[in-house]
Amino acid sequence: MQSYDAVLADMVAVARQAGELTLGYFKRFRDLEIGIKGPADFVSEADMESEKLIRKFLFERYPNWSFTGEEFAPVTGTDPEYRWLVDPIDGTTNFINGMHYTISIALRRGNETVCGALYNPVSDEMFTAIKGEGAFMNGEKLKVSEQSDIGLMNVGTGLATSRLFTFPGFYQRLEQIRDPISSVRIVGSSANSCAYVALGRLTGYYEESGLVDWAVGVLLVQEAGGIVTDWWGRGPEFYEKTGCVIVANKATHAYLIDKLKDAPRKDPAD
């Protein structure tokens, strides 16, 4: 079995470097120049500089591997087996408003995520995982919440905009989800929301988002003992393509599956 320890150490190192870089921009968030990619979809100079830093670092050490980031065109390397998935700032809206964000770096081998590093520079929380070896935050092993009481469930999501496939009826479903449980929280970063499930701060999280956003987060939850499916209980061949993901402990997963079962079903061809 291949060891990814050295690779993960590099991922942690560059995530910290990108964290230091982006914190410099974060501290003067009121003065940032913001670009608009689409509805509620923003980009800043910090996003681009962070991705450039990460890309340069990884290509110097792994020149043959492929790279997919959020801000620039993907690069296909000579070794097609390995690909980096990088979100240089996950939660850009948070970032430009002076709120917590994350830096997400995942390594894919074929069609699976084999290791990842997720860093919140503001709180200095470094989440790491290697497939089959557990999930950790700053070296402490993670386990999803054991909470099974519906009244005490704490669920994360994002608020859908009209451009999303799952927008029709979203707010009616959110009302049905919210009423019986303790709370709904909008963390503002898909990756950080998943990390909070792995850590037990949230009992579950659901959203329509993207693989680059939460590839590391999904691995963290799986390695912390959680369940990951799409909104209709289907596996990675669906949620990795459609972006409709649920990550949760066992009880919250069952609750969310029941509440989302009538949502417009998104398939990879849609």
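First, a word on scope: everything that follows refers to the structure included in this document. (Residues numbered from 1 in each chain as written. Predicted model: local features only at pLDDT ≥ 70, side-chain atom pairs only at ≥ 80, totals over all residues. Heavy atoms only, no water.)

### What about the sheet that holds strand β9 (residues 140-141)?
With mixed pairing, 7 strands are arranged side by side in an open sheet as β3-β4-β5-β6-β7-β8-β9. The open sheet has two edge strands, β3 (66-69) and β9, and neither has a second partner. Relative to β9, strand β8 (residues 135-137) runs antiparallel, the two being bridged by 2 bridges. When the bridges of β9 are listed, F136 appears paired with K141. Contacts from helix α6 (residues 211-223) reach β3, β4 (82-90), β5 (102-109), β6 (112-120), β7 (125-130) and β8, with the element oriented near 100° to β6. (Pairing = 2+ DSSP bridges. Helix = DSSP H or I, 4+ residues; strand = E, 2+ residues; numbered from the N terminus. Contact = heavy atoms within 4.5 Å. Axes fitted to C-alpha atoms, helices over the stretch in contact; angles between N-to-C directions.)

### Some thoughts on helix α1 (residues 5-26)
Between its first and last C-alpha atoms α1 spans 30 Å; for 22 residues at 1.5 Å apiece the expected length is 32 Å, and the two agree. Those residues of α1 not exposed but buried are V7, L8, D10, M11, V14, A15, A18, G19, T22, Y25 and F26. Those residues of α1 hidden inside the fold are in contact with α2 (45-61), β4, α3 (92-96), β5, β6 and β7. (Expected span 1.5 Å × (residues − 1). Buried < 20%, exposed > 50% of the residue type's maximum accessible area, 1.4 Å probe, protein only.)

### Describing the packing of aromatic side chains
Within this structure, the stated rule accounts for 14 aromatic pairs. Residues F59 and F67 carry aromatic rings whose centres are separated by 5.9 Å and whose planes lie at 35° to one another, so their mutual orientation is tilted. You can call F67 buried: its relative accessible area is 0%. Where F167 meets Y171, the ring centres are 6.2 Å apart and the plane angle is 75°; that geometry is what we call edge-to-face. Classification of F167 as partly exposed rests on a relative accessible area of 31%. Taken together through their ring pairs, the aromatic side chains of F167, F170, Y171, Y206, W231 and W232 make up a single cluster. Positioned above the aromatic ring of F238, the side-chain terminus of R234 is 4.0 Å from the ring centre. (Phe/Tyr/Trp six-rings, centres within 6.5 Å; stacked < 30°, edge-to-face > 60°. Lys NZ or Arg CZ within 6 Å of the ring centre and 35° of its normal.)

### Details of the side chain of E51
Tracing the chain through its elements places E51 in helix α2. Note on E51: relative accessible area 0%, which makes it buried. E51 has contacts with F67, G69, E70, E71, F72 and P88, leaving out every residue within four places of it along the chain.

### Let's talk about the sheet that holds strand β10 (residues 154-156)
If you walk across this open sheet you meet the 5 strands as β11-β10-β12-β14-β13, and the pairing is mixed. The open sheet terminates on both sides in strands that have one partner only, identified here as β11 (183-185) and β13 (227-230). With strand direction ignored, the average angle separating the axes of adjacent strands in the sheet is 20°. Where β10 lies against strand β12 (residues 204-208), 2 bridges are found, and the strand directions are parallel. For G156, the partnering residue across the bridge sits in β12 and is Y205. Together, β13 and β14 (244-248) form the strand contacts of α6, whose direction differs from that of β14 by roughly 35°. Of the strands in this sheet, β10, β12, β13 and β14 are in contact with helix α8 (residues 250-260), which crosses β14 at around 150°.

### Some thoughts on unusual backbone geometry
The phi torsion at D124 lies on the positive side, around 55°, for a residue other than glycine. Assignment of secondary structure puts D124 in the loop between β6 and β7. In this structure D124 comes out as partly exposed when scored by relative accessible area, which is 38%.

### Thoughts on the nonpolar core
With 32 residues, the main nonpolar core has V7, M11, I54, W84, I105 and L107 as its most contacted residues. Secondary structure elements with two or more residues in this core: α1, α2, β4, α3, β5, β6 and β7. If you tally residues by element for this core, the top one is α1, at 8 residues. Listed in part, the 31 residues of the second largest apolar core include V144, L202, V212 and W214. (Core = buried A, V, L, I, M, F, W, Y, C linked by side-chain atoms within 4.5 Å.)

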